[in-house]
Amino acid sequence: MTLARRFAVGCLILCLAALSATVARAEEPTVVKVWQLPTREARTVDQRAELAVLERFCELHPEITMDGFRGITAPGMGQDITPLLAMAGGVAPDVLYVNFRISENYIAQGFLSPLDDYVLEWASEVAGKPVTTMTEAQRVLSHIIMPQVWPVIYREGPDGKKHVWAIPYGTVVMVLAYRKDLFRRAGLDPDRPPQNWDELYEYAKKLTNPERGEYGIGLTAGPQASWTFINFLWSAGGEAVIEKDGEWRAVYNTPEALTALQFYQKLGRPFMRDGKEISRVAYRDTDVYTKWGLGKVGMIFQYMNDQVMSTMNPNLIGVAPMPMGPTGIRGNEINATMQGVNATITDPRVRDAAWEWVKFRAGDEAKRIRTRIYMEAGYAQYLNPDHLKRYLTPEEYHRFSRQIPKGWAETLQSAIDSGRPEPYGKNCEMIYTEMTPPIEQAFISDNTDPKYLQSLLDKSVAETNVKLMGLVPPDEMRKRRIVAGLVVLGLIAGFAFVFRVVMRTFAKELAPPPVTGKGWRRFGYAWLVMLPAIVSVAVWQYYPVIRGSFMAFQDYKLVLPSEWVWLDNFAEVLYAPEFWQDLWNSARYMGYSLAFGFLTPILLALALHEVPRGKVVFRTLYYLPAVTTGLVIFMLWKQFYDSSANGLLNQLLAQGASVLNFIITKVGMAAIEVKPQDWLGDPKWAMMMIIIPLVWAGMGPGCLIYLAALKSIPEDMYEAADLDGAGILSKVWQITVPQLRPLIIINFVGAFIGAAQAFDAVFIMTGGGPVNSTRVIGLEIFYKAYVYQKFGYAVAMAWIVGALLVGFTVLQLRILSRVQFKTAEA
């Protein structure tokens, strides 16, 4: 065979192999990762309905394999941040969950792929003829996408052009839900819910029963507690943000907003009943919906779906439109559960498959399936009458429409008519977080002066317009950049000083050994053994630090190109009041942690060292919390801190007060009254309540280290002290402490660093609330980076905090350089 023939045969084989690989790839199913995909373990009727939709889609598209995705969240933050955290981690699904408030961030960050062509094609299928304009598409798809939703999903993107970014598969409106059983028990008519704010408050007072741990109304707490307050704001005639001349501005400090805040505060104020003071009518905590499910809350704000109005028992739960404000206005949130296509998808097959699921889940076929599943499960009376008419036969519609609970359809329509889209402008994913501090301060404050409440709103709005909307005058920005430049120079000088100290302190240890002759034979193997560790530390610690340093000078984006902003991130951090507040919170946390968490293991070790019998039993008991995960410990203590009268800690205080009152009344003294405390909801208590579980869980393992060290102290030293007449305190101070000093110093360094890195306990127990009183710097960095996608800002903040710890780092290095480790016998 000639060379040319061999070459031709080889090329033919390669072409056939490539063609075979292409065919095989085309035959492989396309895998699409979807946020919160329905699972096979569906139990409730709504889960079964969504599962049926998924199964029908898989039947129609056997070439597509659906893969579910679920992520983590944060207390009080809802499900909004889950896709953001996933996107930041590079593991986001192909189909993203989107709602109104976070949509602008998704669009600005480039997370969502434009859907214009897909939508026009979809509208053409529905209309049965070509649809070429988005205006016509809106008309054709009006029965699927409400008119109030179009301004949110169809708007300008980073390229300055309008696009469709997401498709709603369900629209929800906020209504007032109430428990009819509690209404009847309080003597209220369950068929007549409150119509205005005055009636709402009077109903709430009658529903409140401290003896049974029942409250009149439930309000959300946490970093985004204003999520429910905004309904009062709208009902008073106010707004949270407005857009004027293309610029968004916070305006929740108007007279209408003050009226809403005064009523909100009233819900948290004590009132009198039968000559006895009742703490308040509102239960306000992050577990408010758990309390609602347990029948401990009489009224609460809930979403009502435009497809399935509710699956609640109409004999137990009633629904009503939002009570009217003083001016007779109803205002409630309208929102939508939407899906968008991840813009980072590179495979066009995956992008097309993702769109097919988005379209199907929002379309008529999916709605028809849901309607049929609910009807077969006996829930047809809970469906939107319009859906019954559209997706059932005339006979079925006539039969089931008469079974709809009284007032439900009217409530849904009223809520749709009075509904207002939740804020969806620039940085509005953070608007609830910024609105929360003033309402929290008002709720827990005894000061009802309108001037005081107005000052809270004015301060918050001013900060929001700077932080979120970027409304900083040019002259002010110039001054901030100058200050930021000086600070950055200080940072560079500080870290250069630390590097110099390290080199001088460890010069001898860091001096490289000779690599030839005896030096290589003596040290070469040591270097080889250490090489994997050195490379690992360099790759996983120092390279990210160096790479991340550049982010501090950028408006860093995960998808779109990042822009250099140079000193702006540092300027924003330095002039952000919450940064300094978070620093102060971190200092408080460190102070409490070191004062109680560092000293208690030493004291416990001294006590256990003197126990004559059962030392192993006591050590085991105190060590037991260490075998439990921190998450379980924090959640357990969070239950102890329940703010109701049935909370364990409040019950203990009440029992103690009863015993004390029994004693003091015998001697003619007046009895004392102990009210239930909101331990995690009161800024005075919240930080200490976070520290207590840490001390309880950490003192056992910590004391074992000191117990081992105490055994190394010669007994004859104590015997000599006894002969000299020394007391126990003198022996501890003159003998024990000096002998333990090196260990105490090392543990203090570790405790200091651990306290400075506080995050998990605060994150789980309070999420930074109330009124940001426990929002430590580590939590703030986490929120700014992974929740709000402000990576440059977070890195700049981290560098500033690191610089503040430089002095302690130098002290730590000098101490460690002088530490000598010896055996106990030596």
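Cut-offs applied
Residues numbered from 1 in each chain as written. Predicted model: local features only at pLDDT ≥ 70, side-chain atom pairs only at ≥ 80, totals over all residues. Heavy atoms only, no water. Helix = DSSP H or I, 4+ residues; strand = E, 2+ residues; numbered from the N terminus. Buried < 20%, exposed > 50% of the residue type's maximum accessible area, 1.4 Å probe, protein only. Contact = heavy atoms within 4.5 Å. Areas by Shrake-Rupley, 256 points an atom, 1.4 Å probe, with all protein chains shown as cover. Lys, Arg positive; Asp, Glu negative; His and termini not counted. Charge placed at Lys NZ, Arg CZ, Asp CG, Glu CD. Salt bridge = Lys/Arg side-chain N within 4 Å of Asp/Glu carboxyl O. Patch = residues over 30% accessible without salt bridge, like charges linked within 9 Å, V, L, I, M, F, W, Y side chains within 5 Å. Axes fitted to C-alpha atoms, helices over the stretch in contact; angles between N-to-C directions. Parallel < 35°, antiparallel > 145°, perpendicular 65-115°, else oblique. Nonpolar A, V, L, I, M, F, W, Y, C, P; charged D, E, K, R; others polar. Left-handed = near helix turned anticlockwise from the far one by under 90°. Polar contact = N/O pair within 3.5 Å; in protein donor to acceptor, adjacent residues only side chain to side chain.

*Asks:* What am I meant to see in the overall build of the protein here?
*Replies:* Helix and strand counts for the protein come out as 34 helices and 18 strands. For the protein, the spread of C-alpha atoms along the three principal axes comes to 115 × 105 × 60 Å. Across the 826 residues that make up the protein, the buried fraction comes to 48%. Long-range pairs, those at least 24 residues apart, make up 73% of the contacts in the protein between residues at least 6 apart in sequence. Of the roughly 40,700 Å² of accessible surface on the protein, a fraction of 60% belongs to carbon and sulfur atoms. Once the 81 positive and 79 negative side-chain charges of the protein are each reduced to a mean point, those two points are 5 Å apart.

*Asks:* Any chance you could explain unusual backbone geometry here in plain terms?
*Replies:* Among all residues save glycine, negative phi is the norm, and among peptide bonds the norm is trans. For Asp-274, which is not glycine, the phi torsion reads 55 degrees and is therefore positive. Take Asp-274: it is sitting in the loop between strand 10 (271-273) and strand 11 (276-278). On the accessibility criterion, Asp-274 (78% relative accessible area) is exposed. Non-glycine residue Trp-566 carries a positive phi angle of around 55 degrees. Here Trp-566 is to be found in the loop between strand 18 (563-564) and helix 23 (568-574). Look at Trp-566 and you get exposed, because its relative accessible area is 53%.

*Asks:* Teacher, can you tell me more about the pattern of salt bridges here?
*Replies:* Working definition: two side chains of opposite charge can pair if their charged atoms are close together. Counted by the stated rule, this structure contains 33 salt bridges. Across the pair Glu-239 and Arg-420 runs a salt bridge whose closest N-O atoms are separated by 2.8 Å. Here the residue Glu-239 occupies a position in the loop between helix 10 (226-235) and strand 8 (241-244), and Arg-420 occupies one in strand 16 (residues 419-421), the gap between them amounting to 181 residues. Of the charged contacts, one joins Lys-557 and Asp-555 as a salt bridge, the two residues approaching to 2.9 Å between their closest N and O atoms. Classification of Lys-557 as buried rests on a relative accessible area of 16%. Judged by relative accessible area, Asp-555 falls into the partly exposed class, the value being 33%. Overlapping salt bridges bring together Arg-56, Glu-59, Glu-365 and Arg-368 as one network.

*Asks:* Would you mind showing me how to read a negative patch on the surface here?
*Replies:* A surface patch of negative charge is lined by Glu-610, Glu-715, Asp-716 and Glu-719. The exposure class assigned to Glu-719 is partly exposed, which follows from its relative accessible area of 49%.

*Asks:* It is not clear to me how the packing of helix 10 against helix 18 (residues 431-444) should be interpreted in this structure. Could you clarify?
*Replies:* Across the interface, helix 10 lies against helix 18 with an axial gap of 9 Å and an inter-helix angle of 80 degrees. When the axes of helix 10 and helix 18 are compared, the pair comes out roughly perpendicular. Taken together, the residues of helix 18 that come into contact with helix 10 (itself represented by Ser-226, Trp-227, Phe-229, Ile-230 and Leu-233) are Ile-431, Tyr-432, Met-435, Thr-436 and Ile-439. Looking at the contact of helix 10 with helix 18 residue by residue, the classes come out as 8 nonpolar, 2 polar and no charged.

*Asks:* I would appreciate a short explanation of the packing of helix 24 (residues 577-609) against helix 30 (residues 728-756) in the present structure.
*Replies:* Axes are the key here: two packed helices are described by the angle between their axes and the distance separating the axes. Contact geometry for helix 24 and helix 30: axes closest at 10 Å, N-to-C directions at 140 degrees. The handedness of the crossing between helix 24 and helix 30 is right-handed. Residue-level inspection shows Tyr-589, Met-590, Ser-593, Leu-594, Phe-598, Ile-602 and Leu-606 of helix 24 in contact with helix 30, the latter providing Val-732, Thr-736, Ile-744, Asn-747, Phe-748, Ala-751, Phe-752, Ala-755 and Ala-756. Residue composition of the contact of helix 24 with helix 30, by class: 13 nonpolar, 3 polar and no charged.

*Asks:* Would you mind going over the side chain of Gln-109 with me for this structure?
*Replies:* With respect to the secondary-structure elements, Gln-109 resides in helix 4 (residues 100-109). The contacts of Gln-109, once residues within four sequence positions are left out, are Lys-557, Leu-558, Val-559, Leu-560 and Gln-789.

*Asks:* Sorry, what's going on with helix 9 (residues 197-207) here?
*Replies:* An α-helical segment advances 3.6 residues per turn. Residues three or four places apart therefore align on the same side. Looking at helix 9, one finds that the buried residues are Trp-197, Glu-199, Leu-200, Tyr-201, Tyr-203, Ala-204 and Leu-207. The N-cap residue of helix 9 is Asn-196: its side-chain oxygen and the backbone nitrogen of Asp-198 are 3.1 Å apart.

That's the geometry; what it means functionally is another story.
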